[in-house]
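Fold and geometry: a report
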Amino acid sequence: GKHEEMRVALEGTAHHFALYLRALEERHRPPCRPIVVGFSQGGMVTLATAISRPEALSEALVAAAWIPPVLVPPQAGELRPPIRLMHGLRDRIVSPEPAMELFDLLRDRGFDVELHLFDDAAHAMSSEMNTLLSSWIEGALERCTARSGR
């Protein structure tokens, strides 16, 4: 059905995105793997990449997105990049319920995942969401710097 079509499309996109990220790393030699941020469809690609190609990124910061449960393996692998989710409870474009179910599934299967819900946010980044995203990015950069010794 629809979830199977989404699975195939997202796995293919995640594969190509992971190749792109690898090429960027080889060219620029950053101190750590990329920190990837995605909203809505970009968030779906970010999630699919973090789950199916965890070696491609260091952290996944996602807003207003979910992926079909069929994409989630039975257990997290050794590589578990942090996955941070946020969603507006008034979002009528991408319903928050699948994101909440995905959070429960990822947590239960051993992924490093957090979910933050925003009562007054729809399918857009509120100022509160932007503040949280900024703190996530700053934390990810601090962890990258600490690991690399830079």
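Structure report, in brief. Everything quoted here is computed from the prediction, not taken from an experiment. (Residues numbered from 1 in each chain as written. Predicted model: local features only at pLDDT ≥ 70, side-chain atom pairs only at ≥ 80, totals over all residues. Heavy atoms only, no water.)

1. Some points on the environment of His16
With respect to the helices and strands, His16 occurs in helix H1 (residues 2-28). Residue His16 is classed as exposed on the basis of its relative accessible area, which comes to 54%. Once the C-alpha coordinates of His16 and Thr49 are considered, the two residues, 33 residues apart in sequence, prove to be 9.4 Å apart. (Helix = DSSP H or I, 4+ residues; strand = E, 2+ residues; numbered from the N terminus. Buried < 20%, exposed > 50% of the residue type's maximum accessible area, 1.4 Å probe, protein only.)

2. Re H1
The first and last C-alpha atoms of H1 sit 38 Å apart over 27 residues, in line with the 39 Å expected at 1.5 Å per residue. For H1, the full list of buried residues reads Met6, Arg7, Leu10, Ala14, Ala18, Leu21 and Glu25. Looking at the buried residues of H1, the elements they touch are strand E1 (35-39) and helix H2 (41-52). Following H1 by one or two positions, Arg29 has its phi on the positive side, about 50°. (Expected span 1.5 Å × (residues − 1). Contact = heavy atoms within 4.5 Å.)

3. Re the packing of H1 against H2
Here H1 crosses H2 at 75°, and the two axes come no closer than 8 Å. As the angle between them shows, H1 and H2 are arranged roughly perpendicular. Facing Met6, Leu10, Thr13, Ala14 and Phe17 of H1, the residues of H2 in contact are Met44, Val45, Ala48, Thr49 and Ser52. Residue composition of the contact of H1 with H2, grouped by class: seven nonpolar, three polar and no charged. (Axes fitted to C-alpha atoms, helices over the stretch in contact; angles between N-to-C directions. Parallel < 35°, antiparallel > 145°, perpendicular 65-115°, else oblique. Nonpolar A, V, L, I, M, F, W, Y, C, P; charged D, E, K, R; others polar.)

4. Some details on the pairing of strand E4 (residues 113-118)
Pairing of strand E3 (residues 83-88) with E4 involves six bridges; the strand directions are parallel. Bridge pairing links Met86 to His116 in E4. (Pairing = 2+ DSSP bridges.)

5. A word on a nonpolar patch on the surface
A cluster of nonpolar side chains, contributed by Val37, Ile137 and Leu141, occupies part of the molecular surface with about 230 Å² of accessible area. You can see Ile137 is positioned in helix H4 (residues 127-148). (Patch = residues over 30% accessible without salt bridge, like charges linked within 9 Å, V, L, I, M, F, W, Y side chains within 5 Å. Areas by Shrake-Rupley, 256 points an atom, 1.4 Å probe, with all protein chains shown as cover. Salt bridge = Lys/Arg side-chain N within 4 Å of Asp/Glu carboxyl O.)

6. Focus on the pattern of salt bridges
Taken as a whole and judged by the stated rule, the model has eight salt bridges. Taking the shortest distance from any N to any O, the salt bridge between Arg7 and Glu4 comes out at 2.4 Å. Taken together, the positions of Arg7 and Glu4, both in helix H1 and three residues apart, correspond to about one turn of that helix. Classification of Glu4 by relative accessible area gives partly exposed; the value is 36%. Notably, a salt bridge pairs Glu114 with Arg84, separated by 3.6 Å at the nearest N-O pair.

7. Concerning the nonpolar core
Of all hydrophobic cores here, the largest spans 32 residues; its most connected members are Leu47, Ile67, Ile83 and Leu106. Of all elements in the fold, only H1, H2, strand E2 (59-63), E3 and helix H3 (96-108) reach the threshold of two or more residues within this core. Counting residues per element, this core draws most heavily on H2, at six residues. Once residues lying within four places of it in the same chain are set aside, the contact partners of Ile67 are Leu10, Met44, Leu47, Ala48, Ile51 and Leu102. Residues Ala63, Met129, Leu132 and Trp136 belong to the second largest nonpolar core, which totals nine residues. (Core = buried A, V, L, I, M, F, W, Y, C linked by side-chain atoms within 4.5 Å.)

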